[in-house]
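Structural overview
Here is how the chains run, residue by residue.
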Amino acid sequence: MAADSFYITTPIYYVNDQPHIGHAYTTILADVLARYHRLLEVPTFFLTGTDEHGQKVQQAADRAGVTPQAQADATVVRFQALWQKLDITHDDFIRTTEARHVKVVQEILQDLYDRGEIYRAEYDGWYDVSSETFVTEREAEEAGGADNPNLTRIAESNYFFRMSAYQEWLIDYIETHPEFIQPAHRRNETLGFLRKPLGDLCISRPKARLNWGIELPFDADFVTYVWFDALVNYISAIGYRRDDDFFAKWWPAQIHLIGKDILTTHTVYWPTMLKAMGVEQPRTIFAHGWWLSGAHKMSKSLGNVVNPMEMIDKYGVDAFRYFLIAEMTLGQDAHFTEEQFVRRYNADLANDLGNLASRVIKMIRKNADGQIPERTSHETPGAEEQAVWATVQEAVTAVADTVSTLHLDRGLASVMTAVRATNRYLELKQPWTLAKQADKGPLNTVLYTAAETLRVLSALLFPVMPERMAALRSALGVPQVAPQLDRLKHFGELSPGVPVTDPGPLFPRAKPLSSLQEQELPMTEEPREAPPATPAAAPTKPPAAPVPGVIDYDHFAQVELRTARIVAAEKIPGATKLLKVDVMIGDERRQLVAGIAMHYTPEDLQDKTVVVVTNLKPAVLRGVKSEGMLLAATKGESLRLITVDGNISSGATVK
Ligand code: MSP
């Protein structure tokens with residue numbers, strides 16, 4: 001982000017209930033972005049907090065039989081405890097019941113009132129407590145009207161902010177500032193909303209109806225509407241009207257991160273409020289999608305709310321942070337299931353990254369006197385070293401780009417590509433064989449190159465997994481993450497002779513929740529080292545299948561089987577059991593590695609229609625990528641491929 005300072009905010013969360021995965025996600029995302037900016041040495045300020053007034057909190061307090069302040073005090077500590085557990089590095093935490101906030105809200109109200117921006121009138125309409133918003137007749141009707149317990153019909157005298165006066169200005173502002181509301185489909189949603197005439201905003205509630213709020217400075221019979229109060233946190237926290245220098249240092253915010261549920265309040269109410277106050281607009285309001293629980297919206301009544309504390313206790317903080325950031329394509333909805341969590345954890349972290357780190361560190365400790373080896377016996381690194389380094393550099397660029405576009409999932413995917421390329425490089429170079437040679441030059445080159453890639457990749461992953469990456473870096477003798485980007489671009493920063501220590505298993509393999517996940521490609525010749533599962537990492541939940549070895553249909557249905565026509569096959573040099581097989585699956589060409597060389601010659605295979613598992617994560621065997629698995633029947637020494645009975649075009653579903 002080309003800015004000399006970076007101020008990022010999360011929504012402030014209601015204290016009516018305990019935090020869940022949705023709150024955790026927004027806050028982790030903000031934390032990761034803040035950490036990246038700090039690494040790039042951009043002055044950074046990260047704000048989060050709690051929204052403590054309004055009817056929702058009042059109702060929760062009534063249900064609990066406590067005062068709203070006691071409700072807020074009891075709930076805020078749950079948010080604070082979760083942020084601490086999640087390693088969130090916010091610079092400030094604002095509570096809207098704090099005097100520093102209340103006073104600023106009142107001054108703003110008084111000023112707007114004095115300038116005629118606020119007037120008194122009757123409000124006759126609907127109020128939705130679940131979103132704390134005034135809704136139109138039509139919206140209320142669609143939501144069930146009086147039958148919906150969250151809707152209340154209100155007819156009361158109130159104060160209004162002249163929001164309608166800013167409608168034309170706002171449309172023009174949004175149209176001329178494409179970066180203002182992101183992603184683009186959310187900008188269109190707001191512009192669509194603004195096509196209808198914009199009314200004025202009711203900004204008060206009579207105390208006779210609701211007294212849990214900030215008192216209007218010009219009429220003690222009213223409290224402030226909770227959204228008018230809450231949005232102001234973004235400026236009250238950084239010294240608006242209190243500390244001009246501090247305010248000027250951070251405002252305008254670079255990013256208000258929000259969920260898509262609170263788009264209108266942030267892209268219509270807030271900009272018009274700022275405009276009326278004469279305050280500059282934030283640079284970007286970014287709305288992310290929803291986390292769904294499996295296919296469903298999370299809701300207390302469905303009992304499917306994901307509790308972040310439980311996931312952290314089972315799998316560790318960093319794995320949880322990684323999953324949320326890697327799994328959600330920003331701007332779209334994402335699905336959370338524990339099965340998918342474990343699958344990704346095992347694939348990306350235990351197998352790919354954990355395995356790479358443990359291999360490299362173990363080999364250095366065993367074969368290079370436990371020290372970073374001499375860089376190379378050759379003047380310039382060879383083609384393979386350059387190829388690996390190129391994938392690492394692509395990851396550096398991708399992460400830098402995605403920090404500005406916020407599509408961190410893509411940045412992480414490119415880091416994982418580099419991790420896999422490095423694993424492939426090791427499989428190709430076979431340092432375990434090189435270790436047997438008298439000349440240690442080639443071995444040192446491989447180990448040094450692999451350690452260098454780990455140095456850079458661990459820095460790129462540090463903002464997402466600070467604790468585990470600090471452990472990895474300290475094992476490599478580079479505990480500090482050097483902030484400058486050029487350190488990441490330059491090969492040869494690790495100093496030979498620095499001791500390498502054993503960090504223990506970084507990501508112990510978790511026990512899969514579905515038995516299908518345990519299947520590994522059967523034709524691996526060089527078994528991959530996977531650290532053993534520790535009790536801490538093993539899920540305490542019983543596996544999904546009640547009878548050992550029996551799976552339910554849903555699990556079976558996760559395996560995608562298709563017919564495929566073999567169009568080419570060849571031996572893989574140096575691998576006696578493996579063949580590289582090219583297949584057509586409909587119009588798609590794929591390359592597979594199959595452990596069938598003892599049973600079929602390449603010629604035998606030409607034009608055969610076989611059955612392939614198409615949704616297996618790609619694997620690399622002997623440096624060759626395999627994008628699927630051929631099915632075969634085996635017994636004892638015999639092996640026969642599964643074929644189809646009669647003619648059917650390739651790409652047909654097998655079920
Ligand atoms: N208090 C208001 C925000 C005021 S900001 C000036 C509010 N609070 S909330 O507690 O309901 O939290 C809303 C935010 O939590 C969402 O905008 C989103 O950032 C996050 N999420 C809550 N549930 C979510 C999901 N299921 N999925 C993703 N994020 C969601 O609204």
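Let us now look at the overall build of the chain. If you tally the helices and strands in the chain, you get 22 helices and 26 strands. Looking at the chain as a whole, 54% of its 655 residues are labelled buried. Sequence separation of at least 24 residues holds for 75% of the intrachain contacts in the chain that already meet a minimum separation of 6. When the accessible area of the chain is evaluated, it comes to approximately 28300 Å², of which 50% is carbon and sulfur surface. Placing the 67 positive and 83 negative side-chain charges of the chain at their respective mean positions leaves the two points 5 Å apart.

A complete count under the given rule lists 32 salt bridges for this structure. Ionic pairing is found between Glu 107 and Arg 242, a salt bridge with its closest N-O pair at 2.8 Å. Here Glu 107, found in helix H4 (residues 99–114), pairs with Arg 242, found in the loop between helix H9 (233–236) and helix H10 (244–250); they are 135 residues apart in sequence, far enough to count as distant. With relative accessibility at 43%, the residue Arg 242 sits in the partly exposed group. Between Lys 260 and Asp 333 there is a salt bridge, with its nearest N and O atoms 3.0 Å apart. In this pair, Lys 260 is assigned in the loop between strand S13 (255–259) and helix H11 (263–277) and Asp 333 in the loop between helix H13 (317–327) and strand S17 (334–336), connecting sequence segments 73 residues apart. The exposure class assigned to Asp 333 is partly exposed, which follows from its relative accessible area of 34%. Salt bridges sharing common partners tie together Glu 107, Asp 111, Arg 115, Arg 241 and Arg 242.

Our focus in this paragraph is the site of the ligand. If you check the shell around the ligand, you find 22 residues, and the closest are Ile 12, Thr 26, Asp 51, Trp 290 and Trp 291. At 2.8 Å, a side-chain N or O of Thr 26 approaches an oxygen atom of the ligand. In the model, a nitrogen atom of the ligand is placed 2.7 Å from a nitrogen or oxygen of the Asp 51 side chain. For the ligand, whose unbound accessible area comes to 670 Å², protein coverage reaches 94%. Its residues assigned to classes, the shell around the ligand shows 11 nonpolar, 9 polar and 2 charged.

Before going further, it helps to spend a moment on the environment of Pro 43. Mapped onto the elements of the fold, Pro 43 is located in the loop between helix H1 (21–39) and strand S3 (44–51). Dropping the residues within four chain positions of it, Pro 43 is found in contact with Asp 4, Ser 5, Phe 6 and Trp 250.

Each assigned domain of the chain is listed here: domain 1 (337–489) and domain 2 (553–641). In this structure, domain 1 and domain 2 have C-alpha centres spaced 29 Å apart. Counting the surface lost from both domain 1 and domain 2, the interface buries some 600 Å², and carbon and sulfur atoms represent 49% of this. When residues of domain 1 are sorted by the area they lose upon contact with domain 2, Arg 343, Arg 424 and Glu 427 head the list and together hold 53% of the total. Connecting domain 1 to domain 2 are 0 salt bridges. Linking domain 1 to domain 2 there are 0 residue pairs in polar contact (both at pLDDT 80 or more).

This paragraph deals with the packing of aromatic side chains. Scanning the entire structure with this criterion turns up 37 aromatic pairs. Aromatic side chains Phe 45 and Trp 250 sit 5.4 Å apart centroid to centroid with 35° between the ring planes, which places their arrangement in the tilted category. Placement of Phe 45 in strand S3 and of Trp 250 in helix H10 is noted, with a sequence separation of 205 residues between them. You'll find Phe 45 and Trp 250 in the same group, each marked buried. Each ring, one from Tyr 159 and one from Phe 222, has its centre 5.2 Å from the other, and the planes form 85°; the classification is edge-to-face. Linking Tyr 159 in strand S7 (residues 151–161) with Phe 222 in strand S12 (residues 219–224), this pair joins segments that are 63 residues apart in sequence.

The next thing to look at is the nonpolar core. Membership of the largest hydrophobic core comes to 105 residues, with the highest contact counts inside it found for Leu 86, Trp 291, Phe 320 and Phe 336. Every residue in contact with Trp 291, bar those within four places of it in the chain, is listed here: Ile 21, Tyr 25, Met 298, Phe 323, Leu 324, Glu 327, Met 328, Ala 334, His 335 and Phe 336. One finds Ile 12, Val 232, Tyr 240 and Ile 258 within the second-largest nonpolar core, a separate group that totals 67 residues.

Pairing between strand S10 (residues 204–206) and S12: 3 bridges, direction antiparallel. The partner of Pro 206 across the bridge, within S12, is Phe 222. Sheet topology note: the strand S11 (residues 215–216)/S12 ladder contains 2 bridges and is antiparallel. In the strand pairing of S12, Leu 216 is matched with Asp 219.

Conventions and cut-offs
Residues numbered from 1 in each chain as written. Predicted model: local features only at pLDDT ≥ 70, side-chain atom pairs only at ≥ 80, totals over all residues. Heavy atoms only, no water. Helix = DSSP H or I, 4+ residues; strand = E, 2+ residues; numbered from the N terminus. Buried < 20%, exposed > 50% of the residue type's maximum accessible area, 1.4 Å probe, protein only. Contact = heavy atoms within 4.5 Å. Areas by Shrake-Rupley, 256 points an atom, 1.4 Å probe, with all protein chains shown as cover. Lys, Arg positive; Asp, Glu negative; His and termini not counted. Charge placed at Lys NZ, Arg CZ, Asp CG, Glu CD. Salt bridge = Lys/Arg side-chain N within 4 Å of Asp/Glu carboxyl O. Near = heavy atom within 4 Å. Polar contact = N/O pair within 3.5 Å; in protein donor to acceptor, adjacent residues only side chain to side chain. Nonpolar A, V, L, I, M, F, W, Y, C, P; charged D, E, K, R; others polar. Domains from an automatic or database assignment. Buried area = accessible area lost by both parts, 1.4 Å probe. Phe/Tyr/Trp six-rings, centres within 6.5 Å; stacked < 30°, edge-to-face > 60°. Core = buried A, V, L, I, M, F, W, Y, C linked by side-chain atoms within 4.5 Å. Pairing = 2+ DSSP bridges.

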